[in-house]
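Reading the structure
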Amino acid sequence: MTLPNPINVDSPVSVPPQGHESSELGAALTFLLEGGVVALPTDTLFGLAADVTNERALERIFDIKGRPPEMALPVLVANWHQVRDVARVESTAARKLASKFWPGSLTLVLPRQPNLSTLVTGGRESVAVRMPDHWVPLWLSSQLGRPITGTSANRSGQPDLKTSKEVNDLLGDAVDTIIAAGPAPLGLQSTIVDLTGPIPVLLRDGAIPFAQVSQAWEELAGLQAETKGTGG
């Protein structure tokens, strides 16, 4: 299911497309609620999902991937309220930028909320957040009521995995379940842009050209400044 873009980022996705087996999704949701780790497709790559508020589940992801603790875990959200759970958004332009490119392959690095686990942030004062253009992670995080992790489903430093078979061959014994439902990932990494400073800074090239992001930011920030300057 491809959602229209731009969208109202306040609106969660609560119903999977008709015809998909609820047992697979229900089992995955139960695992997440109980502190489990779920491998799932996203619009970019297969990812490992866990409740960002459950430190035991977060530690499992690091163990599964062999990931160094200083490497942050990207976060997937279903709506803007979940962004506020993990990040502080200090400009109207940042929210409008999200509305323009979400759901989609743009990851925004924002100042973290103080109560967010340092396992998610890698000890940094920022968090990487994205709303994926794929109904599976959107539905799960919406039903869970909290953001989920979206780190790639692979061993740290090894190639990204694009199919459920690849994930099962490598991680089948390490995760609680693997979701095969939904469209396959496109195989392109998200573009990561740091918004913790006054201007966007490209951290990783990806599916969305940075020039598009930078141009949109300039337009939105200019509109914001113009709006603040009006009045009488």
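Now for a quick tour of the structure.

Conventions used here
Residues numbered from 1 in each chain as written. Predicted model: local features only at pLDDT ≥ 70, side-chain atom pairs only at ≥ 80, totals over all residues. Heavy atoms only, no water. Helix = DSSP H or I, 4+ residues; strand = E, 2+ residues; numbered from the N terminus. Buried < 20%, exposed > 50% of the residue type's maximum accessible area, 1.4 Å probe, protein only. Polar contact = N/O pair within 3.5 Å; in protein donor to acceptor, adjacent residues only side chain to side chain. Phe/Tyr/Trp six-rings, centres within 6.5 Å; stacked < 30°, edge-to-face > 60°. Lys NZ or Arg CZ within 6 Å of the ring centre and 35° of its normal. Salt bridge = Lys/Arg side-chain N within 4 Å of Asp/Glu carboxyl O.

**Some words on the environment of Asn54**
By secondary structure assignment, the location of Asn54 is in the loop between β2 (46–49) and α2 (55–65). Judged by its relative accessible area of 19%, Asn54 falls in the buried class. Separated by 63 residues in the primary sequence, Asn54 and Ser117 have C-alpha atoms spaced 8.7 Å apart. A polar atom in the side chain of Asn54 sits 3.1 Å from the backbone nitrogen of Arg56.

**Focus on the packing of aromatic side chains**
Following the criterion strictly, the structure yields one aromatic pair and no others. Pairing Trp80 with Trp102 gives two aromatic rings, centres 6.2 Å apart and planes at 50°, and the pair type is tilted. Placement of the pair is Trp80 in helix α3 (residues 80–86) and Trp102 in the loop between α4 (92–101) and β4 (106–111), with a sequence separation of 22 residues. Of the two residues, Trp80 and Trp102, neither departs from the other in class, the shared state being buried. If you follow Lys100 out to its NZ or CZ, it ends over the ring of Phe101, 5.9 Å from the centre.

**Considerations on the pattern of salt bridges**
In a structure, side chains of opposite charge can pair up when their charged atoms sit close to one another. According to the stated counting rule, one finds six salt bridges in the structure shown. Between Asp43 and Arg130 there is a salt bridge, with its nearest N and O atoms 2.9 Å apart. Taken as a pair, Asp43 in the loop between β1 (38–41) and β2 and Arg130 in strand β5 (residues 126–130) lie far apart in primary sequence, 87 residues in all. As far as the burial class goes, Asp43 and Arg130 line up, both buried. Between Arg60 and Asp176 there is a salt bridge; the shortest N-O distance is 2.8 Å. Taken as a pair, Arg60 in helix α2 and Asp176 in the loop between α7 (164–171) and β8 (177–178) lie far apart in primary sequence, 116 residues in all. Here Arg60 falls in the partly exposed class, since its relative accessible area comes to 23%.

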